[in-house]
Amino acid sequence: MVKNLKQLRSEKGISQQFLAEAIGVSQQSIYKYETQNVEPDFDILTALADFFSTSVDYLIGHSDIRHKIEAVSTFDLNEDEASLINAYRKLTKDEKQSLHLIANNYNSNK
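Residues numbered from 1 in each chain as written. Predicted model: local features only at pLDDT ≥ 70, side-chain atom pairs only at ≥ 80, totals over all residues. Heavy atoms only, no water.

**Q** An account of the layout of surface pockets is requested, with residue identities and associated values reported.
**A** The calculated volume of the largest pocket comes to roughly 810 Å³. Considering the residues around the largest pocket, the lining is formed by 19 residues, among which His67, Glu70, Tyr88, Arg89 and Lys96 are closest to the centre. If you list the elements that add at least two residues to the lining of the largest pocket, you get α6 (79–89) and α7 (93–108). Looking at the lining of the largest pocket element by element, the count peaks at 3 residues for α6. Its residues placed into classes, the lining of the largest pocket shows 9 nonpolar, 4 polar and 6 charged. (1 Å grid on protein atoms, 1.4 Å probe; cavity = no way out; pocket = protein on both sides within 12 Å on 5 of 7 lines; lining within 4 Å. Points joined across faces, edges and corners; volume = space filled by probe spheres on them. Helix = DSSP H or I, 4+ residues; strand = E, 2+ residues; numbered from the N terminus. Nonpolar A, V, L, I, M, F, W, Y, C, P; charged D, E, K, R; others polar.)

Written out as structure tokens, the structure reads:
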């Protein structure tokens, strides 16, 4: 069973039929993934993760991290820098865009 699928779909306010059409499966498949311990193949899991901008790990309940896992570079961060990054990761997409505008404004004034 795709543990968090129903929750994500409900939060987005979409029907099983809409989701099914969006990823190319039947509505019955979405129903089975949500309720009957039927597990989709990897391609369908990936399509679901992409649709909801999350990870396969979150979909199947293996992780509590809701956002899509992105490649990151390793840096030596002090506590202040690490705190800022952790706070940034909790922001919405719009909030992140606002911060980028602010940072770009400060950088362009130098």
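**Q** I'd like to hear about the nonpolar core, residue by residue, with values.
**A** Ranked by size, the top nonpolar core spans 17 residues in total, and within it Leu5, Leu19, Ile30 and Leu48 carry the most contacts. At the level of elements, α1 (5–12), α2 (16–23), α3 (27–35), α4 (42–52) and α5 (56–59) are the ones that each hand at least two residues to this core. Here this core gets 5 residues from one element, more than from any other, and that element is α4. When neighbours within four sequence positions are excluded, leucine 48 is seen to be in contact with Leu5, Leu19, Ile23 and Leu59. (Core = buried A, V, L, I, M, F, W, Y, C linked by side-chain atoms within 4.5 Å. Buried < 20%, exposed > 50% of the residue type's maximum accessible area, 1.4 Å probe, protein only. Contact = heavy atoms within 4.5 Å.)

**Q** Account for a nonpolar patch on the surface, with residues named and values stated.
**A** A cluster of nonpolar side chains, namely Phe75, Leu77 and Ile85, defines an oily patch on the protein surface of about 290 Å² accessible area. Note that phenylalanine 75 resides in the loop between α5 and α6. A relative accessible area of 59% places phenylalanine 75 in the exposed class. (Patch = residues over 30% accessible without salt bridge, like charges linked within 9 Å, V, L, I, M, F, W, Y side chains within 5 Å. Areas by Shrake-Rupley, 256 points an atom, 1.4 Å probe, with all protein chains shown as cover. Salt bridge = Lys/Arg side-chain N within 4 Å of Asp/Glu carboxyl O.)

**Q** With reference to specific residues and values, describe the side chain of glutamine 16.
**A** Examined against the element boundaries, glutamine 16 turns out to sit in helix α2. Assessed through its relative accessible area of 14%, glutamine 16 is described here as buried. At a separation of 2.9 Å, a polar atom in the side chain of glutamine 16 contacts the side chain of glutamate 34. Once residues within four sequence positions are removed from consideration, glutamine 16 is found in contact with Arg9, Gln27, Ile30, Tyr31 and Glu34. (Polar contact = N/O pair within 3.5 Å; in protein donor to acceptor, adjacent residues only side chain to side chain.)

**Q** Account for the pattern of salt bridges, with residues named and values stated.
**A** One pass over the full model with this rule turns up 3 salt bridges. A salt bridge links glutamate 11 to arginine 66, with the shortest nitrogen-to-oxygen separation between them at 2.4 Å. One end of the pair, glutamate 11, is in helix α1; the other, arginine 66, is in the loop between α5 and α6, and 55 residues separate them in sequence.

**Q** I'd like a rundown of the confidence of the model for the chain, residues and numbers included.
**A** For the chain, the mean per-residue pLDDT works out to 90, and 98% of the residues sit at or above 70. Across the chain, the element-wise mean pLDDT spans from 89 in α6 up to 97 in α2. (pLDDT = per-residue confidence, 0-100.)

**Q** Hey, could you go over the packing of α2 against α3 for me, with residue numbers and the actual values?
**A** Interaxial distance between α2 and α3 falls to 8 Å at its minimum, and their mutual angle equals 110°. Compared by their axis directions, α2 and α3 come out roughly perpendicular. Together, Gln16, Gln17, Leu19, Ala20 and Ile23 of α2 and Gln27, Ile30, Tyr31 and Glu34 of α3 make up the contact between the two elements. By residue class, the composition of the contact of α2 with α3 is 5 nonpolar, 3 polar and 1 charged. (Axes fitted to C-alpha atoms, helices over the stretch in contact; angles between N-to-C directions. Parallel < 35°, antiparallel > 145°, perpendicular 65-115°, else oblique.)

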